[in-house]
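# Observations on the three-dimensional arrangement
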Amino acid sequence: MEETNKNQEGKHTRRSFLQRSAMAGAGVMLGSKMEAFAADNVNNNLDLTDMTDFTKNIKTKGYAATDESGKLSPFEFERRPVGDDDILIDIKFASICHSDIHQEKGHWGKQVYPQVPGHEIVGIVAAVGKNVTKFKVGDRAGVGCMVDSCMECNSCTHGEEHLCDKGQTVFTYGYPSQAEPTGITQGGYSNKIVVRDHFAVHIPQHISFEEAVPLLCAGITTYSPLMRAQFKVGDKVGVAGIGGLGHLAVKLAVSKGAEVYAFTTSPDKVADIKSFGAKEVIVVDKDFKNLQAYRKKLDYMISTIPYQFNVAPYVSCVKPFGTFTFVGMPEGFNINVSNIALASSRVNFNSSLIGGIPETQEVVHYCADNGVRPQIQVIKANQINDAWDKVVNKEARYRYVIDAATF
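Residues numbered from 1 in each chain as written. Predicted model: local features only at pLDDT ≥ 70, side-chain atom pairs only at ≥ 80, totals over all residues. Heavy atoms only, no water.

Taking an unreviewed UniProt entry as the reference, the protein is identified by name as Alcohol dehydrogenase catalytic domain-containing protein belonging to Flavobacterium rakeshii. We quote the UniProt Cofactor (unreviewed entry) comment for the protein here in full: "Zn(2+)". Its UniProt record gives the protein a comment under Sequence similarities (unreviewed entry), which states: "Belongs to the zinc-containing alcohol dehydrogenase family." (UniProt positions renumbered as here; feature names shortened; annotations may be inferred.)

Below is the structure:
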């Protein structure tokens, strides 16, 4: 009887030891995995204090417009959960585009408020849906002017998602969306964004987040038509309007071997523009008389001017059968052009709207590889309203980049 009790006690002791060992082992394994997860997140600057449940709406902080005043204020809202084809990006930087100002002030039509602007966005992937293979947690990613489309039509399947044949392109902010808790898409002036993986691009390690972020709109909007122009090395390329878009157009055209002529109304930008590589900088007179010296001189011109302006004097600088491209979007989207002036100039006119996802990835890599960098000023979130005023007053030099850590 005593022997039996000893055996049972021994078995109980061994069982307890094995259980404790198993639990300790599991703890070590779990601890190791958590340490590896933590190390990975620390290495990628992710915030471990935010243990978000990605299957639920995601709490987000940002700055939003609440009316057409153009004044933004802090705004807390929720984004949709991370779906099977989505990624969650912890935003590191977002930059200011003149389009943000136009849209929030209602220049392009009535808006739904509160609305978070911003379509130049970069950050770190914090979560991925089960179907996602394009990204993994910790990757550097960027989002531009659109976040979805039909993905079935000819345009969408050929890298022109922004021109969806079914009209189902979903733009990054202010666009109706049943998936979003606020009823509209909300943009990048915020600390997080959930986006379909297809509509994000990779940000290479050899370009900083701050310098990469303007490429997601300003970069692609100028790069796409410049590439389609197919100008040759040594061709004379004009750039009208040297702001956020225009200064990148100058740099891109110079990098491709063009002889660049920059047209500006801001005399204090001349030295900057020359440093970007422009051959000549023309400070445009109010009566446009100094443009006569450039009559029929240019092979191509791109206009980034975001207002109504007298187009004819600029067009006169382009050779017959050359091309003039509009990328600036003024109030109401309309540009006033004299038909007789257009006919007599024999210049080809067109307009261009951002670019597709493949070409957006292309411009990011091109700029990273070839040292094409926007000129930026990093600001805090509480400086956004002041920065907007400076953009309108042509005081930006040349792209304001918001530190998302300050939201």
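Helices and strands together make up the secondary structure of the protein, namely ten helices and 17 strands. When contacts within the protein are restricted to residue pairs at least 6 apart in sequence, long-range pairs at least 24 apart make up 68% of them. Within the structure as shown, the protein displays about 18,900 Å² of accessible surface, and the carbon and sulfur contribution to it stands at 52%. (Helix = DSSP H or I, 4+ residues; strand = E, 2+ residues; numbered from the N terminus. Contact = heavy atoms within 4.5 Å. Areas by Shrake-Rupley, 256 points an atom, 1.4 Å probe, with all protein chains shown as cover.)

Moving on to the packing of aromatic side chains. Inspection of every chain in the model, using the stated rule, returns 14 aromatic pairs. With 6.2 Å between their ring centres and 65° between their planes, Y261 and Y294 make a pair best called edge-to-face. Within this pair, whereas Y261 is found in strand β11 (residues 259–264), its partner Y294 is found in the loop between β12 (280–283) and β13 (298–303), the two being separated by 33 residues in sequence. When sorted by exposure, Y261 lands in the same class as Y294, which is buried. Taken together, the ring pairs in this structure connect Y261, F263, F288, Y294, F309 and Y314 into an aromatic cluster. (Phe/Tyr/Trp six-rings, centres within 6.5 Å; stacked < 30°, edge-to-face > 60°. Buried < 20%, exposed > 50% of the residue type's maximum accessible area, 1.4 Å probe, protein only.)

As a further point, take the pattern of salt bridges. Inspection of every chain in the model, using the stated rule, returns 20 salt bridges. One salt bridge connects R80 with E180, and the closest N-O pair in it is separated by 2.6 Å. Of the two residues, R80 sits in the loop between β2 (72–79) and β3 (86–95) while E180 sits in the loop between β7 (170–171) and β8 (192–196), which places them 100 residues apart along the sequence. Residue classification places R80 among the buried positions, given a relative accessible area of 16%. Residue classification places E180 among the buried residues on the basis of a relative accessible area of 8%. Between D235 and K232 there is a salt bridge whose closest N-O contact spans 3.8 Å. (Salt bridge = Lys/Arg side-chain N within 4 Å of Asp/Glu carboxyl O.)

Judged by how many residues are buried, strand β1 (residues 58–65) sits mostly within the fold: six of eight residues are covered. Direction of pairing for β1 relative to β2: antiparallel, over a ladder of eight bridges. Bridging across to β2, K61 finds its partner in E76. With antiparallel pairing between neighbouring strands as the criterion, β1 and β2 make up a hairpin whose turn holds six residues, including G70 at a positive phi of roughly 80°. (Pairing = 2+ DSSP bridges.)

What follows deals with helix α10 (residues 384–392). Where α10 is concerned, the buried positions are I384, A387, W388 and V391. Projected down its long axis, α10 carries its buried residues within an arc of 105°, all on one side. On the buried face of α10, the contacting elements are β1, β2, α2 (98–104), β16 (376–379) and β17 (399–403). After α10 finishes, the residue K394 shows a positive phi value of roughly 65°. (Arc of directions from axis to C-beta.)

Per-residue confidence for the protein gives a mean pLDDT of 90; residues scoring 70 or more make up 87%. Counting interchain partners and residues more than four positions distant, the pLDDT-below-50 stretch residues 1–49 has 15 contacts. (pLDDT = per-residue confidence, 0-100.)

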